[in-house]
Amino acid sequence: VDKGCGTGKLMVELSRLFPGSRLVGVDLSREFLRVCDENTYATDDVALVFGNVIDVCVPPGAASTVIFSSVMHEVHSYNDYRVTEIDRALANAFTELAGGGHVLVRDGVSPEPATWRLELLDEQTRATFARFSKEFRKGQGVRFTRLSDSVVELSSHDANEFICKKDYLKNWHIEVNEEFGPLTLSQWKTALVAAGFEPMHLEETRNAWIVKNRYEGTVKVTDTPGVVVPWPATNCVVVGRKPKR
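On a predicted model such as this, the values are computed, not experimentally measured, just so you know.

Colleague: Please clarify how the overall build of the protein should be interpreted in this entry.
Modeller: Within the protein, the secondary structure is distributed over nine helices and eleven strands. Its C-alpha atoms give the protein a radius of gyration of 19 Å, near enough to 18 Å, the size a compact globule of 245 residues would have. In terms of overall dimensions, the protein has a C-alpha envelope of 60 × 40 × 30 Å along the principal axes. Taking the intrachain contacts of the protein between residues at least 6 apart in sequence as the baseline, contacts between residues at least 24 apart amount to 74%. Here the protein displays about 12200 Å² of accessible surface, and carbon together with sulfur accounts for 51% of that area. Within the protein, the 33 negative side-chain charges are centred at a point lying 1 Å from the centre of the 29 positive side-chain charges.

Colleague: Quick question: what am I supposed to make of the sheet that holds strand β10 (residues 219-223) here?
Modeller: Two pairing modes exist for strands in a sheet, parallel and antiparallel, and in both the strands are linked by backbone hydrogen bonds. The sheet built from four strands is open, its strands ordered β7-β8-β6-β10 with antiparallel pairing. The open sheet is flanked by β7 (145-146) and β10, the only strands paired with a single partner. Where β7 meets strand β8 (residues 151-155), two bridges bridge the pair, whose relative direction is antiparallel. What sits directly across from T145, in β8, is E153.

Colleague: Help me understand the pattern of salt bridges in this model?
Modeller: Any two side chains of opposite charge can pair, given that their charged atoms come close. Going through the model one piece at a time under the given rule, you end up with 16 salt bridges. Between D55 and R88 there is a salt bridge, with the nearest N and O atoms lying 3.1 Å from each other. Residue D55 is found in the loop between β3 (46-50) and β4 (63-69), and its partner R88 is found in helix α4 (residues 83-96); the two are separated by 33 residues along the sequence. The exposure class assigned to D55 is partly exposed, which follows from its relative accessible area of 30%. Between E161 and K165 there is a salt bridge; the shortest N-O distance is 2.7 Å. Of this pair, E161 and K165 both sit in helix α6 (residues 156-165), four residues apart, which is roughly one turn of the helix. E161 gets classed as buried once you look at its relative accessible area, which sits at 0%. A residue is classified by how much of its surface remains accessible, and K165, at 0% relative accessible area, is buried. Connected via shared salt-bridge partners are D55, D80, R82, E85 and R88.

Colleague: Help me understand the sheet that holds strand β5 (residues 97-107) in this model?
Modeller: The strand order β3-β2-β1-β4-β5-β11-β9 describes an open sheet built from seven strands, whose pairing is mixed. Lying at the two open borders of the sheet, with one neighbouring strand each, are β3 and β9 (198-205). The strands touched by helix α1 (residues 9-17) are β1 (2-3), β2 (23-27), β3 and β4; relative to β2, the strand with the most contacts, the crossing angle is about 175°. Set on the sheet, helix α2 (residues 30-38) makes contact with β2 and β3; between it and β3 the angle comes to about 170°.

Conventions used here
Residues numbered from 1 in each chain as written. Predicted model: local features only at pLDDT ≥ 70, side-chain atom pairs only at ≥ 80, totals over all residues. Heavy atoms only, no water. Helix = DSSP H or I, 4+ residues; strand = E, 2+ residues; numbered from the N terminus. Rg over C-alpha atoms; globule rule 2.2 N^0.38 Å. Contact = heavy atoms within 4.5 Å. Areas by Shrake-Rupley, 256 points an atom, 1.4 Å probe, with all protein chains shown as cover. Lys, Arg positive; Asp, Glu negative; His and termini not counted. Charge placed at Lys NZ, Arg CZ, Asp CG, Glu CD. Pairing = 2+ DSSP bridges. Salt bridge = Lys/Arg side-chain N within 4 Å of Asp/Glu carboxyl O. Buried < 20%, exposed > 50% of the residue type's maximum accessible area, 1.4 Å probe, protein only. Axes fitted to C-alpha atoms, helices over the stretch in contact; angles between N-to-C directions.

Following this line, the structure appears as structure tokens:
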């Protein structure tokens, strides 16, 4: 089950890798589901469901794997930034899964709590931060301390939110309202356990292309003593297993 299947690109790949499986795509966009229906799959056993990914969308115990690929941050962001909606989505995925089945989440990830300093290295980045600091999360903005024209101090979470979305200027009006990393990796583990899952895999990853082409040369990240902080992870992958009864 691909929850938030969009235009079905992942489902096409899954059909190629697992041609003997039944695939179910779930989305709230009828237009995306229409595109999905026009895709060519390596199996004929594909079903499309119009529904909210937070809810139970297939019969209880029917799924072997439930996937949330780059959709949990939207579950969070478009439900008033309530972590409880992530918890509800995981709990309902637990219901959908057979014993021994797996839930897989790929999404953004927040760094562990800390205070960071951002040195904004060019005029465009400084201008974008000025907008971000006022407009993030539907105008909630962020708290920060300005140390100079080009250096600001703020939480690691908010700093990461800025650097990972500062280049999405074309769709800024959408992206600035989304919280890309709603949870830290340790919080993802806690959420899995709370929903009844056994955590099987928790990994942070850094997209080398993003680091090279969007991070380097635009910002410098340090902690409060001025020690350079490694680039934060761009994504995480977490996997939980429903125990066999």
